[in-house]
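Remarks on the overall topology
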Amino acid sequence: MKYRIIPVTPFQQNCTLLWCEQTMEAAVVDPGGDIERIKAAIEEEGVKLTQVLLTHGHLDHVGGTAPLAREAGVPIIGPHKEDAFWIDALDQQSAMFGFGKVEAFTPDRWLEQGDTVSVGQEQLEVLFCPGHTPGHVVFFHRASQLAQVGDVLFQGSIGRTDFPRGDHATLIKSIREGLFPLGDDVSFIPGHGPMSTFGEERRTNPFVADHRG
Ligand SMILES: [Zn+2]
Ligand SMILES: [Zn+2]
């Protein structure tokens, strides 16, 4: 599997283009906006978009979903249905985040813990990781030890939990019990900022580093 990170929106959200090198079928994870930039990347890589994947319902991750999926004629997959209230409130989110008008949508498939999503011949495992939002999911590609973690975990930080239905203790549990057991060598693409590994965060992240002594 190959990937390319495409920073989008004023929040520099990490939209990711993922594709299977055998079939050149691709998924876009979290098309927050700037869909012309995303479409240009698809064109440059010579891949065929077959689906849009969403980690959670926040506008900076989903704002470009409707036009991108409609133009490409592809399904919208994820997040977990507990984030439906965020997606149903795109207009209010737009006002809250200071975005322009965004097009509403309804995902074609909600995801749950243990689901898998196929991108060509590659398989992504779905991990349910609530806390930042109640319906946040993470996509894990076991073969390349790569996780798309959205706003669950960042290099040196974790997701905000001061939004409606956010919960700090739940987020910490999702990271420690849901993500870290996948292994220290797992690299992750966060929703914002640089990549890191679970091992590095277990050593140095002030919010979720392992307790010592
Ligand atoms: Zn978010
Ligand atoms: Zn975000």
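With an unreviewed UniProt entry as reference, the chain is termed Glyoxylase, beta-lactamase superfamily II, source organism Marinobacterium lutimaris. You can read under Cofactor (unreviewed entry) in the UniProt record for the chain the words "Zn(2+)".

**Here we look at the sheet that holds strand E8 (residues 137-141)**
An order of E6-E7-E8-E9-E12-E13 is seen for the six strands of this open sheet, with the pairing classed as mixed. In this open sheet, the two strands that pair with only one neighbour each are strand E6 (116-119) and strand E13 (196-197). Sheet analysis places E8 next to strand E9 (residues 146-150), joined by three bridges and oriented antiparallel. Bridge assignment links Phe140 to a residue of E9, and that residue is Ala147.

**Examining the packing of helix H1 (residues 35-45) against helix H3 (residues 65-72)**
Helix packing geometry: the angle between the two helix axes and the distance between the axes. Where H1 contacts H3, the two axes come as close as 10 Å, and the packing angle between them is 40 degrees. Classified by the interaxial angle, the pair formed by H1 and H3 is oblique. Read as a crossing pair, H1 and H3 show a hand that is right-handed. Every residue of H3 that contacts H1 at Ile35, Ile38 and Lys39 is listed here: Pro67, Leu68 and Glu71. Residues belonging to the contact of H1 with H3 are distributed by class as follows: four nonpolar, no polar and two charged.

**Topic: the pairing of strand E7 (residues 122-128)**
Where E6 and E7 come together, four bridges link them in antiparallel fashion. Residue pairing in the sheet places Thr116 in a bridge with Glu125 of E7. Between E6 and E7, which pair antiparallel and follow one another directly, the connecting turn spans two residues, one of which, Gly120, has a positive phi of 60 degrees. With four bridges joining them, E7 and E8 adopt antiparallel strand pairing. Its bridge partner being in E8, Phe128 is matched across the sheet by Val137.

**Here we look at the coordination of the zinc ion (ligand 1)**
Coordination sphere of the zinc ion (ligand 1), protein contribution only: His56 (NE2), His58 (ND1), His132 (NE2) and Asp151 (OD), at 2.1 to 2.3 Å. For the zinc ion (ligand 1), the four donor atoms in the first shell make angles of 89 to 163 degrees at the metal, a pattern classed as irregular. Sequence positions of the donors to the zinc ion (ligand 1) reduce to the motif H-x1-H-x73-H-x18-D. The distance between the zinc ion (ligand 1) and the zinc ion (ligand 2) comes to 3.6 Å, and Asp151 binds to both of them. Of this pair, His58 sits in the loop between strand E4 (48-53) and helix H2 (59-62) while Asp151 sits in the loop between E9 and strand E10 (153-154), and the two are 93 residues apart along the sequence. Taken individually, His58 and Asp151 each receive the classification buried, so the pair is uniform in this respect.

**What to know about the coordination of the zinc ion (ligand 2)**
On the protein side, the zinc ion (ligand 2) has Asp60 (OD), His61 (NE2), Asp151 (OD) and His192 (NE2) as donor atoms, found 2.1 to 2.5 Å from it. Coordination at the zinc ion (ligand 2) comes from four donor atoms whose angles at the metal span 84 to 153 degrees, giving a geometry best classed as irregular. Spacing between the donor residues of the zinc ion (ligand 2) along the chain follows D-H-x89-D-x40-H. With relative accessibility at 0%, the residue His61 sits in the buried group. Note on His192: relative accessible area 19%, which makes it buried.

**A few points about the pattern of salt bridges**
Scanning the entire structure with this criterion turns up 14 salt bridges. For Asp184, the salt bridge is made with Arg202, and the minimal N-O distance between the two is 3.5 Å. Highlighted residues: Asp184 in the loop between helix H6 (168-179) and strand E12 (187-190) and Arg202 in helix H7 (residues 198-204), separated in sequence by 18 residues. Judged by relative accessible area, which is 26%, Arg202 ranks as partly exposed. What you see here is one network of salt bridges that share partners, running through Arg4, Glu44 and Glu45.

Thresholds applied
Residues numbered from 1 in each chain as written. Chains lettered and ligands numbered in written order. Predicted model: local features only at pLDDT ≥ 70, side-chain atom pairs only at ≥ 80, totals over all residues. Heavy atoms only, no water. UniProt positions renumbered as here; feature names shortened; annotations may be inferred. Pairing = 2+ DSSP bridges. Helix = DSSP H or I, 4+ residues; strand = E, 2+ residues; numbered from the N terminus. Axes fitted to C-alpha atoms, helices over the stretch in contact; angles between N-to-C directions. Parallel < 35°, antiparallel > 145°, perpendicular 65-115°, else oblique. Left-handed = near helix turned anticlockwise from the far one by under 90°. Contact = heavy atoms within 4.5 Å. Nonpolar A, V, L, I, M, F, W, Y, C, P; charged D, E, K, R; others polar. Donors = N, O, S within 2.8 Å, 3.2 Å for Na, K, Ca; no water. Tetrahedral: all angles 85-135°; square planar, octahedral: opposite > 155°, others 65-115°. Buried < 20%, exposed > 50% of the residue type's maximum accessible area, 1.4 Å probe, protein only. Salt bridge = Lys/Arg side-chain N within 4 Å of Asp/Glu carboxyl O.

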